[in-house]
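# Summary of the model geometry
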Amino acid sequence: MERQYIDLYKSYSEIIKNNAAQAMNAGRDASFALFDKIGFPTTNLENYKYTDLKEVLAIDFGLNIQRLPIPVNPYEVFQCDVPGIHSFLYFVVNDAFYPVSDKRNDALPEGVIIGSVSDVAKSHPELVEKYFGKLSSTKQDGLVAFNGAFAQDGFFMYVPKNVQLDRPVQLINIMRSDVDFMANSHNLIVLEAGAKAQLLVCDHTVDNVRFLTNRVTEVFVGENAIYEHYKLENTHTKTTNLSTLLIDQQASSQVLSNVITLHNGLTRNTIEIDINGEHCETTLAGMVIGDKNQQVDNFTSILHNKPNCSSRELFKYVLDDFSKGAFTGKLYVARDAQKTAAFQTNKNILLQRSAKMRTKPQLEIYADDVKCSHGATIGQLDESALFYMRQRGIPEKEAKLLLMFAFTADVIDFIRIDALKDRMKLLVEKRLRGELSKCEGCVICQ
Amino acid sequence: MLEIKNLHANINGREILKGLNLTVRPGEIHAIMGPNGAGKSTLSSVLTGNPAFEVTHGEVTFESKNLLELAPEERANEGIFLSFQYPVEIPGVSMVNFMRTAINEQRKYRGLPPVSATDFLRMMREKKELVEMDNKLTNRSVNEGFSGGEKKKNEIFQMAMLEPKLSILDETDSGLDIDALRIVANGVNKLKSPANASIVITHYQRLLDYIVPDFVHVLYDGRIVKSGTKELALELEEKGYDWIKQEVEGK
Ligand SMILES: Nc1ncnc2c1ncn2[C@@H]1O[C@H](COP(=O)(O)OP(=O)(O)OP(=O)(O)O)[C@@H](O)[C@H]1O
Ligand SMILES: [Mg+2]
């Protein structure tokens, strides 16, 4: 399976490099060497036990290493479906940053840089070189290594010291192709001390072919900075969505990540938080609504390297039909990370016996003065609550819906963008009702 | 209005109701008393269609419909209301949303359009006043964190909102303080009309001072073994159930 990509790299590495930013080429050969050695992850690996990529990787995906332009104007095909969000709006089509033409983005505060990694590598090479690959190059992970070898561009955001973005930044990933297609992109986000930014990443697919996306995002959150990362997936069943979010947190910073999968094929979200300063706060939340053969594996890892930090995790899954969910909550507390408070919850509802959920807390605690807890439940809807509602005249189907909606409510509460929160309530309700699960703003989808 | 004939019902394969007969006509109030475990709550569960119970024998007609064929929500929308002995907490479902959904489902069942926002708010306000229920309770999730008494009040509030034809009050008095008992009983009395009826399950004759029953029945070992008027409740209060048990077993 790896063979074709290894050959491809060996024959075309020059083309790959010539069409990529210099800063992205620095670690390319090393990434390739690692991939050549360890290959794609298999279910034999503890961290990939519940993500089986064998079938998907057998598909012959096209790649666009020559960076040929894709004939689509996302501004025409995609109107934002979060009314009132007033975001700074950007598009990545497949793996290419789409040229910005939105007037609203002119209002970005001074010093903020948003663009493609390759453009910024030309205009501000020192910025990109300082951060690019610093987190990803330390990972012994086949997907990250593959991305390091093949990714040629990505989304870049830099928020300078003490600048706070009062509007969210929205990044729409659109997959558009006439043949089965693979996209690798590598995003870089830097918040300097005291900065604040909210990023909403939306994954959409446009064509009825098989897609594989393998995206790596590195985030550097400076002292006292606040970073919120929302990821909303609404793709089709032929999509394999592999994403790795790597976050470095400096002292007194706050990070919130909320990853919501409403519709997909096979998804693996790896979220790794490295806490490297005191008094940090970290919140990881997530929700999955799965039916048919959807598969979602959320793998989270929080490393408490410094004392006096707190982290909490809340992940909820509602699984129907033959859908499969997995959650891993890896928590590491270093010996001198005293006074760490870490709480982890994973709750799941299986609507049918055929649906499957795997949940795995993985705690390694080396400090002695800590408060840590974890809890996981897998159950059905509460029968007595269902009967109570039906006794008030609410039909079974509607009563179930109310219960499922209530079940997911506290994950939605971990959204700090009001317009998005309202929109998400509506989308989740529609999704649970089995109505239109694609975004209304996407013209092509309809 | 309600006719129960030779009703037998099981839970988990164990027979709890063993041939129960009862007739309720419009305008009547029936009190059901009986020792713990006799099957009183089982009767309310079976009448409202709780799927945990299995009816093995007998028939129940409600307004000339075969009640046993109807789903719980259909029975509710036909006008049967149960004030639960143990109201269920439903975290995340707000009282307002719950009540609006219930009202609109009932209206849909009866071929009416959804209630307007202003009418709904007015109804909520009026009915809250009727049972003197605190505003803060209706702003919370259904029964979540309510005290025992607050939950019982909430049941009567819902009953007032839904205006049932037949209400079954399963130990609505237990857990209520003296003032709350009066308020709840007043609420029930105000909702009374010649067209509707109530079955009041209680252990205490005290409630029957407020809600005066037309009939009092003793439910024992899955059957109604004795019926009388409100004086029977006084007698039970005084003598307990032993003499009834002896009477039944003596037969
Ligand atoms: N889910 C259940 N599984 C097994 N047995 C049950 C179940 N629910 C009720 N029972 C049994 O059925 C019998 C009747 O119970 P029920 O609740 O109807 O009594 P009750 O007359 O309402 O008593 P109380 O006055 O204490 O409320 C009891 O013996 C009880 O243990
Ligand atoms: Mg009872």
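Relevant structure appears above.
Structural notes, computed from the coordinates. Being a predicted model, the structure only gives us computed values, none of them experimental.

## Structural notes on the overall build of chain B
- Counting secondary structure elements, chain B contains 10 helices and 12 strands.
- With the C-alpha coordinates aligned to their principal axes, the bounding extent of chain B is approximately 60 × 40 × 35 Å.
- A buried classification covers 54% of the 251 residues belonging to chain B.
- Taking the contacts inside chain B whose residues are at least 6 apart along the sequence as the reference set, 70% of them involve residues at least 24 apart.

## Examining helix α6 (residues 148-162) of chain B
Residues and elements named next belong to chain B.
- Counted at 1.5 Å a residue, the expected span for α6 with its 15 residues is 21 Å, and the 22 Å between its end C-alpha atoms agrees.
- The element α6 is extensively covered by neighbouring structure, given that 13 of its 15 residues are classed as buried.
- In the stretch just after α6, E163 is the one whose phi turns positive, near 45 degrees.

## Some details on the packing of helix α1 (residues 3-18) of chain A against helix α8 (residues 142-150) of chain A
- Relative orientation of the contacting elements α1 of chain A and α8 of chain A amounts to 35 degrees, with a least axis distance of 10 Å. Contacts between α1 of chain A and α8 of chain A involve Y5, L8, Y9 and I16 of chain A from the first element and F146, A149 and F150 of chain A from the second.

## Observations concerning the coordination of the magnesium ion (ligand 2)
All names here are of chain B.
- At this site the magnesium ion (ligand 2) is bound by S41 (OG) and Q85 (OE1), with donor distances of 2.0 to 2.1 Å. A residue pair is termed long-range when its members are at least 10 positions apart, and S41 in helix α1 (residues 40-48) and Q85 in the loop between β6 (80-83) and β7 (90-94) qualify at 44 residues.
- Residue S41 is classed as partly exposed on the basis of its relative accessible area of 26%.

## A look at the sheet that holds strand β8 (residues 211-221) of chain A
All names here are of chain A.
- Read from one edge of the open sheet, 9 strands run β3-β4-β6-β8-β10-β12-β14-β16-β18, paired in mixed fashion. Looking at the sheet topology across the chains shown, the edges are occupied by β3 (113-116) and β18 (356-365). Each strand of the sheet is rotated relative to its neighbour by a mean of 5 degrees, with strand direction disregarded.

## What about the interface of chain B and chain A?
- The partner chain A presents 17 residues to the 29 residues of chain B that form the contact.
- Carbon and sulfur atoms make up 68% of the surface buried where chain B meets chain A, a total of about 1900 Å² over both sides.
- Interface area lost by chain B to chain A is led by E73, F84 and V88 of chain B, which between them contribute 26%.
- At the surface where chain B touches chain A, the tally comes to 2 salt bridges.
- Applying the counting criterion to the chain B and chain A interface returns 11 residue pairs in polar contact (both at pLDDT 80 or more).
- At the level of secondary structure, the elements contributing two or more residues to the side of chain B that touches chain A comprise α2 (72-78), β6, β7, α3 (95-109) and α6 of chain B.

## Remarks on the sheet that holds strand β5 (residues 65-66) of chain B
Residue and element names in this part refer to chain B.
- Strand order in the open sheet made by the 4 strands is β2-β1-β4-β5, with antiparallel pairing throughout. Every interior strand has two partners, whereas the edge strands, β2 (14-24) and β5, have only one.
- As paired strands, strand β1 (residues 2-11) and β2 are joined by 8 bridges and run antiparallel to one another. Counted as the bridge partner of A9 is L17 from β2.
- Against the sheet, α1 touches β1, β2 and β4 (53-62), its axis set at about 105 degrees to β1.

## Quick word on the site of ligand 1
Residue and element names in this part refer to chain B.
- Contacts to ligand 1 come from 15 residues, most closely from G37, K40, S41, T42 and H203.
- Measuring from an oxygen atom of ligand 1, one finds a side-chain N or O atom of N36 at 3.0 Å.
- At 3.3 Å from an oxygen atom of ligand 1 is found a side-chain nitrogen or oxygen belonging to E171.
- Contact with the protein chains covers 66% of the free accessible surface of ligand 1, which is 630 Å².
- Of all elements in the fold, only β2 and α1 reach the threshold of two or more residues within the shell around ligand 1.
- Looking at the shell around ligand 1 element by element, the count peaks at 3 residues for α1.
- Partitioning the shell around ligand 1 into residue classes produces 4 nonpolar, 8 polar and 3 charged.

## Re the pairing of strand β11 (residues 215-220) of chain B
Residue and element names in this part refer to chain B.
- With 5 of 6 residues buried, β11 lies mostly within the body of the structure.
- Alignment of β11 against strand β12 (residues 223-228), held across 5 bridges, turns out to be antiparallel. Looking at the pairing, Y220 lines up with R223 of β12.
- In sequence, β11 turns back onto β12 through a hairpin of 2 residues, with D221 there showing a positive phi of about 50 degrees.

## Focus on empty space enclosed by the protein
Residues and elements named next belong to chain A.
- Tallying each qualifying case throughout the model produces 6 cavities of 30 Å³ or more.
- Within this model, the largest cavity holds a volume of roughly 190 Å³.
- Taken together, 21 residues line the largest cavity, and the ones lying closest to its centre are V201, T217, H229, K231 and S243.
- Those elements that provide at least two residues to the lining of the largest cavity are β5 (169-175), β6 (181-191), β7 (196-205), β8, β9 (226-234), β10 (239-249), β11 (254-263) and β12 (266-275).
- Counting residues per element, the lining of the largest cavity draws most heavily on β10, at 4 residues.
- For the lining of the largest cavity, the per-class residue count stands at 8 nonpolar, 10 polar and 3 charged.

Basis of the calculations
- Residues numbered from 1 in each chain as written.
- Chains lettered and ligands numbered in written order.
- Predicted model: local features only at pLDDT ≥ 70, side-chain atom pairs only at ≥ 80, totals over all residues.
- Heavy atoms only, no water.
- Helix = DSSP H or I, 4+ residues; strand = E, 2+ residues; numbered from the N terminus.
- Buried < 20%, exposed > 50% of the residue type's maximum accessible area, 1.4 Å probe, protein only.
- Contact = heavy atoms within 4.5 Å.
- Expected span 1.5 Å × (residues − 1).
- Axes fitted to C-alpha atoms, helices over the stretch in contact; angles between N-to-C directions.
- Donors = N, O, S within 2.8 Å, 3.2 Å for Na, K, Ca; no water.
- Pairing = 2+ DSSP bridges.
- Buried area = accessible area lost by both parts, 1.4 Å probe.
- Salt bridge = Lys/Arg side-chain N within 4 Å of Asp/Glu carboxyl O.
- Polar contact = N/O pair within 3.5 Å; in protein donor to acceptor, adjacent residues only side chain to side chain.
- Near = heavy atom within 4 Å.
- Areas by Shrake-Rupley, 256 points an atom, 1.4 Å probe, with all protein chains shown as cover.
- Nonpolar A, V, L, I, M, F, W, Y, C, P; charged D, E, K, R; others polar.
- 1 Å grid on protein atoms, 1.4 Å probe; cavity = no way out; pocket = protein on both sides within 12 Å on 5 of 7 lines; lining within 4 Å.
- Points joined across faces, edges and corners; volume = space filled by probe spheres on them.

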